[in-house]
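Chain by chain, the residues:
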Amino acid sequence: FLAKRVGYLTCNLCLNRDHELMLLLINTLQRDLNSPNHLDICAALTSVSRLVNSEMVPAVFPTMMKLLGHQQEYVRKKAIMALHRLQKVAPEQMETHEARQAIRKCVCDPDPSVMA
């Protein structure tokens, strides 16, 4: 996990949204967003918030919607924060009824840290 975390940190610091390596990074992000390890998921969500551009939103959006129902409250919180960032990058993706319902559900989450 440490090597993966250092890799994501390096990407967050050295790459911008339009860097040519982003196309290679998207596959790693998708794999980590589907990981059973919540630490991998959180590292990927942090990078999604920082690096994903409007062309890459369709690749990560469905997985992020699933993460809104994750068992770990920290993952749900990171997912809602990442979706908020994606809404600023590509607002047309957030206009679906499913997205609105999922966000409303998170606002009513039983864990107060998710709502904050």
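Residues numbered from 1 in each chain as written. Predicted model: local features only at pLDDT ≥ 70, side-chain atom pairs only at ≥ 80, totals over all residues. Heavy atoms only, no water.

### Comments concerning the nonpolar core
Okay, so step 1: With 35 residues, the main nonpolar core has Leu45 and Met64 as its most contacted residues.
Okay, so step 2: When residues of this core are assigned to their parent elements, the largest contribution, seven residues, is made by helix α3 (residues 38-51). (Core = buried A, V, L, I, M, F, W, Y, C linked by side-chain atoms within 4.5 Å. Buried < 20%, exposed > 50% of the residue type's maximum accessible area, 1.4 Å probe, protein only. Helix = DSSP H or I, 4+ residues; strand = E, 2+ residues; numbered from the N terminus.)

### Side note on the packing of helix α1 (residues 2-14) against α3
Okay, so step 1: Viewed as axis vectors pointing N to C, α1 and α3 meet at an angle of 5 degrees, and their least axial separation amounts to 10 Å. The orientation of α1 relative to α3 falls into the category roughly parallel. Together, Lys4, Tyr8, Cys11 and Asn12 of α1 and Asp40, Ala43, Ala44, Thr46, Ser47, Arg50 and Leu51 of α3 make up the contact between the two elements.
Okay, so step 2: A per-class count over the contact of α1 with α3 returns five nonpolar, three polar and three charged. (Axes fitted to C-alpha atoms, helices over the stretch in contact; angles between N-to-C directions. Parallel < 35°, antiparallel > 145°, perpendicular 65-115°, else oblique. Contact = heavy atoms within 4.5 Å. Nonpolar A, V, L, I, M, F, W, Y, C, P; charged D, E, K, R; others polar.)

### Looking at the side chain of threonine 63
Okay, so step 1: Residue position: threonine 63 is located in helix α4 (residues 57-67).
Okay, so step 2: When near neighbours in sequence (up to four residues on either side) are disregarded, threonine 63 contacts Leu33 and Asn34.

### Focus on the pattern of salt bridges
Okay, so step 1: Evaluation of the coordinates by the stated rule reveals two salt bridges.
Okay, so step 2: Ionic pairing is found between lysine 4 and aspartate 32, a salt bridge with its closest N-O pair at 2.9 Å. Residue lysine 4 is located in helix α1, and its partner aspartate 32 is located in helix α2 (residues 22-33); the two are separated by 28 residues in the primary sequence.
Okay, so step 3: The exposure class assigned to lysine 4 is partly exposed, which follows from its relative accessible area of 30%. (Salt bridge = Lys/Arg side-chain N within 4 Å of Asp/Glu carboxyl O.)

### Structural notes on the packing of α3 against helix α5 (residues 73-89)
Okay, so step 1: α5 packs onto α3 with a crossing angle of 15 degrees between their chain directions and a minimal axis gap of 9 Å. The angle between α3 and α5 falls in the class roughly parallel. Crossing angle aside, the handedness with which α3 passes α5 is left-handed. For the pair formed by α3 and α5, the contact residues are His38, Ile41, Cys42, Leu45, Thr46, Val48 and Ser49 on the first element and Tyr74, Val75, Lys78, Ala79, Met81, Ala82, Arg85 and Leu86 on the second.
Okay, so step 2: Residue composition of the contact of α3 with α5, by class: 10 nonpolar, three polar and two charged. (Left-handed = near helix turned anticlockwise from the far one by under 90°.)

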